[in-house]
Amino acid sequence: MKKVYAGIDLGGTNIKYGLCRPDGKTIIFRTIPAMVEEGPRNLIRRITDCAHELLDYASRKSLELNHLGVGTPGIVDVTTGKIAGMSPNIPGWKGCNPKKSLESILDIPVFVDNDANVMALAEFVFGAAKGCRNVIFTTVGTGIGGGILIDGKLYRGSIGGAGEFGHTTIVKDGRQCNCGRRGCLESYAAAPYLLEMAEKMATDANTGSVLTPVLKETGRLTVEDVFGAFKKHSDPVAEKAIQLSAEYLACGLASVSAVLAPQIVVIGGGVADAGGTAYVKLVRNALRELALQPVSSRIRVVKARLGNRAGVVGAAILGDYT
Ligand SMILES: [Zn+2]
């Protein structure tokens, strides 16, 4: 009987789910809308449907499937499976227990963890951090997620709250953050502030930026617009906004590195996908300047390798790494 792993990656917009082989290659990878606005009960029902589909497929093909993994936004108490907090994009999710709900319906053990933690695990086992023991993983998009591996093990801290370095304070009394506090790394280095800076600068036609007419026509800029202008036109506005954003990220990562002394920092998420190696290089250079010696000169800073499948693959193998 061939062995497979089943994973579900829950996001504020979509649910991704699939089966992967022991080498991390996905044999099924599907996406459905999460429809989180319809409430947590409906969300559990949708996740259960995905799980049934995967289990049925494995049974039809006579594949060995021993457990199911779920990655979800929020702080997850992995011993109970309860969502302990920090899930602002899914209304009513805090206090829910997807592990308990799924195990009461499915005849299979279910493991649940934070989405950035499972992505970190996937990059550690199959991706950019393969072979490393001490790893910092960060996902930079609308927000900033984080995962930490210490000596080859996911570090979850008390009630699963570790790795939330998007909410480390980098500016006292700074910008308002989604977590309710002020001055968090997330409110400076994630996509919204990058776009806000670029839009503010691009409103001034004297900059000669290619983003000025785009902003005039559409009323807003996207991460793709800004990185496109940076890469194709060396646009001064795009360059300045991206440089600042990368420096803020490096500033936060430098503090985390001083505490954890990682071998490698892996950067994933929508901003890293749009910015590619050019963005990662800016973060790398700024981090080398800002971080504490001698660790800083040895830290490898690389782009994540598994793309949008990392969440599913990481969730799928959770049972083997919990
Ligand atoms: Zn915050």
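As shown above, the structure is provided for reference.
Keep in mind that what you see is a predicted model, and the values were worked out from it rather than measured.

Digging into the sheet that holds strand S11 (residues 264-268)
Next up, step 1: The five strands are arranged S10-S9-S8-S11-S12 in an open sheet whose pairing can be described as mixed. The strands lining the two open edges of the sheet, one partner per strand, are strand S10 (153-154) and strand S12 (300-303).
Next up, step 2: As defined by bridge partners, strand S8 (residues 135-140) adjoins S11 across five bridges and the pair is classed as parallel. Within S11, the position partnered with Phe137 by the bridge is Val266.
Next up, step 3: Its contacts with the sheet place helix H3 (residues 115-125) against S8, strand S9 (144-150), S10 and S11, and it is angled at close to 50° to S9.
Next up, step 4: Across the sheet, helix H8 (residues 236-260) touches S8, S9 and S11, and the angle it forms with S8 is around 160°.

Side note on the packing of H8 against helix H9 (residues 270-290)
Next up, step 1: For the pair H8 and H9, the least separation of the axes is 8 Å and the interaxial angle reads 50°. Accordingly, the angle class assigned to the pair H8 and H9 is oblique. Where H8 crosses over H9, the handedness of that crossing is right-handed. Facing H8, whose interface residues are Ile242, Gln243, Ala246, Glu247, Leu249, Ala250, Cys251, Leu253 and Ala254, H9 presents Gly275, Tyr279, Leu282, Val283, Ala286, Leu287 and Leu290.
Next up, step 2: Of the residues assigned to the contact of H8 with H9, the class counts are 13 nonpolar, two polar and one charged.

A few points about H8
Next up, step 1: Taking 1.5 Å per residue, 25 residues should reach 36 Å; H8 reaches 35 Å between its end C-alpha atoms and fits that length.
Next up, step 2: Phi for Ala261, located one or two positions after H8, is positive at around 45°.

Topic: the pairing of strand S4 (residues 64-72)
Next up, step 1: Pairing geometry for strand S1 (residues 3-10) and S4, over six bridges, is parallel. Its bridge partner lying in S4, Asp9 is registered against Gly71.
Next up, step 2: Examined bridge by bridge, S4 and strand S7 (residues 110-114) share five bridges and lie parallel to one another. Paired with Gly71 across the bridge in S7 is Asp113.

Considerations on the nonpolar core
Next up, step 1: Counting 101 residues, the largest nonpolar core has Val226 and Val283 as its most contacted members.
Next up, step 2: Among the elements that take part in this core, H8 stands out by supplying eleven residues, more than any other.
Next up, step 3: Taken together, domain 1 (3-123 + 309-320) and domain 2 (130-190 + 237-304) each give at least three residues to this core, which thus spans both.
Next up, step 4: Once residues within four sequence positions are removed from consideration, Val226 is found in contact with Leu194, Leu195, Ala198, Leu211, Leu221, Ala238, Ala241 and Ile242.

Remarks on the environment of Phe111
Next up, step 1: Its place among the elements puts Phe111 in strand S7.
Next up, step 2: Once residues within four sequence positions are removed from consideration, Phe111 is found in contact with His67, Gly69, Leu318, Gly319 and Thr322.

Points about the sheet that holds S1
Next up, step 1: The strand order S3-S2-S1-S4-S7 describes an open sheet built from five strands, whose pairing is mixed. Single-partner strands in this sheet number two, and they are strand S3 (26-33) and S7. Averaged over all adjacent pairs, the angle separating strand axes in this sheet is 15°, with direction ignored.
Next up, step 2: Contacts from helix H1 (residues 40-60) reach S1, strand S2 (14-20), S3 and S4 within the one sheet, and its direction differs from that of S2 by about 20°.
Next up, step 3: Those strands touched by helix H2 (residues 98-105) are S4 and S7, and its axis lies near 160° from that of S7.

Concerning H1
Next up, step 1: Counted at 1.5 Å a residue, the expected span for H1 with its 21 residues is 30 Å, and the 30 Å between its end C-alpha atoms agrees.
Next up, step 2: Those residues of H1 not exposed but buried are Leu43, Ile47, Cys50, Ala51, Leu54 and Ala58. Buried residues of H1, seen end-on, are gathered within an arc of 95° and therefore sit on one face of the element. H1 presents Arg41, Asp49, His52, Asp56, Ser59 and Arg60 as exposed residues on the side facing more than 90 degrees away from its buried surface.
Next up, step 3: Where H1 is buried, its residues contact S1, S2, S3, S4 and H2.
Next up, step 4: Two residues or fewer past H1, Ser62 is found with a positive phi of approximately 55°.

Cut-offs used in this document
- Residues numbered from 1 in each chain as written.
- Predicted model: local features only at pLDDT ≥ 70, side-chain atom pairs only at ≥ 80, totals over all residues.
- Pairing = 2+ DSSP bridges.
- Helix = DSSP H or I, 4+ residues; strand = E, 2+ residues; numbered from the N terminus.
- Contact = placed C-beta atoms within 7 Å.
- Axes fitted to C-alpha atoms, helices over the stretch in contact; angles between N-to-C directions.
- Parallel < 35°, antiparallel > 145°, perpendicular 65-115°, else oblique.
- Left-handed = near helix turned anticlockwise from the far one by under 90°.
- Nonpolar A, V, L, I, M, F, W, Y, C, P; charged D, E, K, R; others polar.
- Expected span 1.5 Å × (residues − 1).
- Core = buried A, V, L, I, M, F, W, Y, C linked by C-beta atoms within 7 Å.
- Buried ≥ 20, exposed ≤ 12 C-beta atoms within 10 Å, placed from the backbone.
- Domains from an automatic or database assignment.
- Arc of directions from axis to C-beta.

Any link to function would need more than the numbers given here.
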